[in-house]
Amino acid sequence: MSETTLLPALTQPTLIAAVPGFGPIAGGNSVLLIGTNLGGATSVTFGGTPAAIVSQDLFGFLITVVAPPHAAGNVPVVVTTAAGTSTPANYTYVGPIVPPPPTILGFTPPTGPTTGGTPFTIVGTNLTGASVTFGGVPAVGVNVIAGVVLTGVTPPHAAGNVPVVVTTGAGSASVAGGFTYVGLPLPTAISITPAVGAVIGGTPIAIIGTNLAGASVTIGGVPATSVVVDATGTVLVAVTPAGVAGNAAVVVTTPAGSVTVTGGFTYV
């Protein structure tokens, strides 16, 4: 009578958890698998992608693996032994955190001179690290406070309406209505008093007009001295330079342009 030797039946593996239960989409991180009957594992997969088995304990409770790369989302982790395939454990692949793009809630002022130099303020969200352009030209002195307030100074630009764009690493946002560059008003010169003076110069004169702020004056092409303009920009006083007997053109010049005083100035 022959005797048959019976081998103990293999028990199907059971996977309880993956620790940690999440990791980067690039993989490469160590994951500890906890379960029963895990000994002799021949493969471990994350969402169907094989993982590298680093170590197994002698009792079949623990397996250390290196997670493979995978797209973001939840995937099943499965251990396979000679007895079969385990129940799955959940593992979550986490993609890089993308900051939200900037938003703009308010902008002031809406207009400024073509020469630039206008301080502006933008109120919004996610403004940290932002830059600002006006018609494609970068603003200067940009400063962001707590990611919600941005201040700066407008650059020079030709007259007209231009887009204002706030840009961060997460995207861009445009100011509704943009910014309107306004050309400085041209000066006018209504009269000069007195209109006659000595050729040696030194005659105090007064020019009445409008938009005279920042003006300079030439008489016969020679700059007048001691030029002062009142706060209203309507009265300019100066002292005539030396000249040649006869009538000389009087030209008033501001950043916006020039105007010639009717009648000029006569040296005698």
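Heads up: the structure comes first, above all this text.
Not measured: the values here are computed from a predicted model.

A. Spotlight on the overall build of the chain. A tally of regular secondary structure across the chain gives zero helices and 32 strands. Computed over C-alpha atoms, the radius of gyration of the chain comes to 41 Å, more than 25% over the 18 Å expected from 2.2 N^0.38 for 268 residues, which places it beyond the range of a compact globule. With respect to the principal axes defined by its C-alpha atoms, the chain has extents near 150 × 30 × 25 Å. In the chain, buried positions account for 32% of the 268 residues. Pairs at least 24 apart in sequence give 55% of the contacts found in the chain among residues at least 6 apart.

B. Examining the environment of Thr 168 more closely. Here Thr 168 is to be found in strand E19 (residues 164-168). For the pair Thr 168 and Asn 74, spaced 94 residues apart in sequence, the C-alpha to C-alpha distance is 31 Å. Filtering out sequence-adjacent residues up to four positions away, Thr 168 remains in contact with Pro 102, Asn 126, Leu 127, Thr 128 and Ala 130.

C. Structural context of the sheet that holds strand E24 (residues 204-210). Strand order across the open sheet formed by four strands is E22-E24-E28-E27, with antiparallel pairing between neighbours. Of all strands in the sheet, those bounded by a partner on one side alone are strand E22 (188-193) and strand E27 (225-229). Direction aside, the axes of adjacent strands within the sheet are offset by 20 degrees on average. Relative to strand E28 (residues 235-239), E24 runs antiparallel, the two sharing five bridges. Bridging across to E28, Pro 204 finds its partner in Val 239.

D. How the structure looks around the environment of Ile 34. Along the chain, Ile 34 falls in strand E3 (residues 30-36). In this structure Ile 34 comes out as partly exposed when scored by relative accessible area, which is 30%. Here the alpha-carbon distance between Ile 34 and Gly 197, two residues 163 residues apart in the chain, equals 105 Å. The contacts of Ile 34, once residues within four sequence positions are left out, are Leu 15, Ile 16, Ala 17, Val 19, Phe 61 and Leu 62.

E. How the structure looks around the pairing of E28. Every second residue of E28 is oriented toward a common face, the buried set being Leu 236 and Ala 238 and the non-buried set Val 235, Val 237 and Val 239. Two strands pair when backbone bridges link them, and E27 and E28 are joined in this way by three bridges, in the antiparallel orientation. Bridging across to E28, Val 229 finds its partner in Leu 236.

F. View of the sheet that holds strand E17 (residues 149-153). One open sheet accounts for four strands, arranged E11-E13-E17-E16; its pairing is antiparallel. Either end of the sheet is taken by a strand with one partner, and the two such strands are strand E11 (103-108) and strand E16 (140-145). Here the strands of the sheet are splayed against their neighbours by 20 degrees on average, with no regard to which way each runs. Strand direction decides the pairing type here: E16 and E17, joined by four bridges, are antiparallel. Following the sheet pairing, Val 140 is matched in E17 by Val 153.

G. Main features of the side chain of Thr 254. Structurally, the position occupied by Thr 254 is in strand E30 (residues 250-254). When near neighbours in sequence (up to four residues on either side) are disregarded, Thr 254 contacts Pro 187, Asn 211, Leu 212, Ala 213, Gly 214 and Ala 215.

H. Structural view of the packing of aromatic side chains. Taken as a whole and judged by the stated rule, the model has nine aromatic pairs. Both rings, one in Phe 46 and one in Tyr 91, keep their centres 5.0 Å apart while their planes meet at 85 degrees; by these two values the pair is edge-to-face. Taken together, the positions of Phe 46 in strand E4 (residues 43-46) and Tyr 91 in strand E10 (residues 89-94) put the pair 45 residues apart, joining distant regions of the chain. One aromatic cluster is present, built from ring pairs that chain together Phe 107, Phe 120, Phe 134, Phe 179 and Tyr 181.

I. Region of the structure containing the side chain of Thr 203. With respect to the helices and strands, Thr 203 occurs in the loop between strand E23 (196-197) and E24. If sequence neighbours within four positions are ignored, Thr 203 has contacts with Pro 194, Val 196, Gly 197, Ala 198, Ala 238, Val 239, Thr 240 and Phe 265.

J. Region of interest: unusual backbone geometry. With an omega of -5 degrees, the peptide bond running from Thr 108 to Pro 109 counts as cis. Tracing the backbone through its elements, the reader meets Pro 109 in the loop between E11 and strand E12 (111-113). With an omega of -15 degrees, the peptide bond between Thr 193 and Pro 194 qualifies as cis. Topologically, Pro 194 is positioned in the loop between E22 and E23.

How each quantity is defined
- Each residue is numbered by its place in its chain's sequence as written, counting from 1.
- The model is predicted, so local features are restricted to residues of pLDDT at least 70 and side-chain atom pairs to those at 80 or more, both for listing and for counting; the totals for chains, interfaces and linings are taken over all residues.
- Hydrogens and waters are ignored; side-chain quantities use all the structure's heavy atoms.
- The way it works is that DSSP assigns letters per residue, a run of H or I at least four long becomes a helix, a run of E at least two long becomes a strand, and they are numbered from the N terminus.
- For the radius of gyration, the atom set is restricted to C-alpha positions; the globular benchmark scales as 2.2 Å times the number of residues to the power 0.38.
- Buried, partly exposed and exposed residues are distinguished by accessible area as a fraction of the type maximum, computed with a 1.4 Å probe on protein chains only: under 20%, between the cut-offs, and over 50%, respectively.
- The contact rule is simple, with two residues in contact once any of their heavy atoms fall within 4.5 Å.
- DSSP bridges decide pairing: two strands pair if at least two such bridges lie between them.
- Orientation is described by axes fitted as lines to C-alpha atoms, over the contacting stretch for helices, and by angles from 0 to 180 degrees between their N-to-C directions.
- Between 30 and 60 degrees the pair is tilted, below 30 it is stacked and above 60 it is edge-to-face, where a pair is any two Phe, Tyr or Trp rings, Trp via its six-membered ring, whose centres lie within 6.5 Å.

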